[in-house]
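Observations on the three-dimensional arrangement
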Amino acid sequence: QYCRKKLVKANSEQDDLRSHIQQQDSALNRLREEGQKKLELLGSQLKKYKSNRSKEKNERHAFEFEVKQLALDKDSQILLLQEELMEKSRSLEQQAFKSQEMSAVIEEKDSEIKLYKAEVAEKTKIIKELDSEIEAMHAVVHEKNSEIVEAKNSESTAKAVAASHLEKNNEWKQKHETLSKEFDDHKTEYKTKFGELQTETKLHKRMSMQVQVYKEGLLGKKTRARKMMGLMWSVKHFTLYCGSLHYKEKQSRATNSGKVFRMDHTTIVEKVESIRCGFRIRAQENLLILQAFDEEDLASWMKAAQESINAMKVRAQLDEFVIEGGE
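Residues numbered from 1 in each chain as written. Predicted model: local features only at pLDDT ≥ 70, side-chain atom pairs only at ≥ 80, totals over all residues. Heavy atoms only, no water.

An unreviewed UniProt entry lists the protein chain under the name PH domain-containing protein, with Octactis speculum given as the organism.

Written out as structure tokens, the structure reads:
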């Protein structure tokens, strides 16, 4: 009985152990299934991550390629702009040189005209002196004629004196006619030469008027604010063309928008020491205060504005010269 009890007890313990082992096996199977599921989930996430990484890598390569292409395009555009600026600079230098040549030619023609005027004045003075001498001779002739009238008693003497005075009178008349003819010839020659010089001057004027100073770029403009009632700076796009300064908003693409600051031959351009890279343009009662980005830009703008003013001065001198020549 004791052994039977032991055997029963051992069988029950064995059954408990088997059930425990089965429970452990089922738990282990569950853990395996959960681990397998987690592995599958991690595998899918890893595949997704790898695909995302490859996609991002491809996008990054595409973006880098686009950036490189854009940089190359920008470099080529910058090179083209630099070439255009150099070409415009050379063109402006050539135009300035032509303007200087025209000014020298005009000054030379002006000196020639002054010499001709001096010669004409001298000839006119000589003719006036001869006229005064002729008038004096006429007075002498008149006096001699009166003497002849008084000396009627001496007819032979009177006739001789009258013939002598008549001969002198004819001689002076002949001299006067010769000088008048020379003066008329010289006057005709002067008119011809003056007409030729005037034609050349008009031609030089038209050629000099074709020399136009052109420059464009961004500048700071000093304006008065409406709300704060103070002074403030705003960046505008300026264009110097045909003696006028056109300006508009820097982002505006309209061709007819903006304002115009007109200059003439009396316009003054000067640097403003109290403003960094600042300068002012004064045209009669109008004043424009501007600011360049650096000293080189400041010098370039002031030079272009002064060249435009000099060209207008030359045109004004030519107009005045033509008016004087016509008078």
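Regarding the pairing of strand β5 (residues 268-272)
Inspection of the sheet shows β5 paired to strand β6 (residues 278-283) by five bridges, in the antiparallel sense. Paired with I268 across the strands is R282, a residue of β6. Hairpin remark: β5 followed by β6, antiparallel, with five residues in the connecting loop; positive phi at C277, about 55 degrees. (Pairing = 2+ DSSP bridges. Helix = DSSP H or I, 4+ residues; strand = E, 2+ residues; numbered from the N terminus.)

Observations regarding a nonpolar patch on the surface
Judged by side-chain polarity, L218, V235 and F293 come together as a nonpolar surface patch covering roughly 240 Å² of accessible area. Its location among the elements puts V235 in strand β2 (residues 231-241). A residue is classified by how much of its surface remains accessible, and V235, at 34% relative accessible area, is partly exposed. (Patch = residues over 30% accessible without salt bridge, like charges linked within 9 Å, V, L, I, M, F, W, Y side chains within 5 Å. Areas by Shrake-Rupley, 256 points an atom, 1.4 Å probe, with all protein chains shown as cover. Salt bridge = Lys/Arg side-chain N within 4 Å of Asp/Glu carboxyl O. Buried < 20%, exposed > 50% of the residue type's maximum accessible area, 1.4 Å probe, protein only.)

So, the pairing of strand β7 (residues 286-291)
Sheet topology places β6 next to β7; six bridges connect them, and they run antiparallel. Its bridge partner being in β7, R280 is matched across the sheet by I289. Where β6 folds back on β7, the antiparallel hairpin that results is connected by two residues, among which Q284 adopts a positive phi of roughly 60 degrees.

Let's talk about the pattern of salt bridges
Going through the model one piece at a time under the given rule, you end up with four salt bridges. One salt bridge connects E295 with K271, and the closest N-O pair in it is separated by 3.7 Å. Remark: K271 occurs in strand β5 and E295 occurs in helix α3 (residues 295-326); sequence separation between them is 24 residues. The partly exposed category is assigned to E295, whose relative accessible area is 44%.

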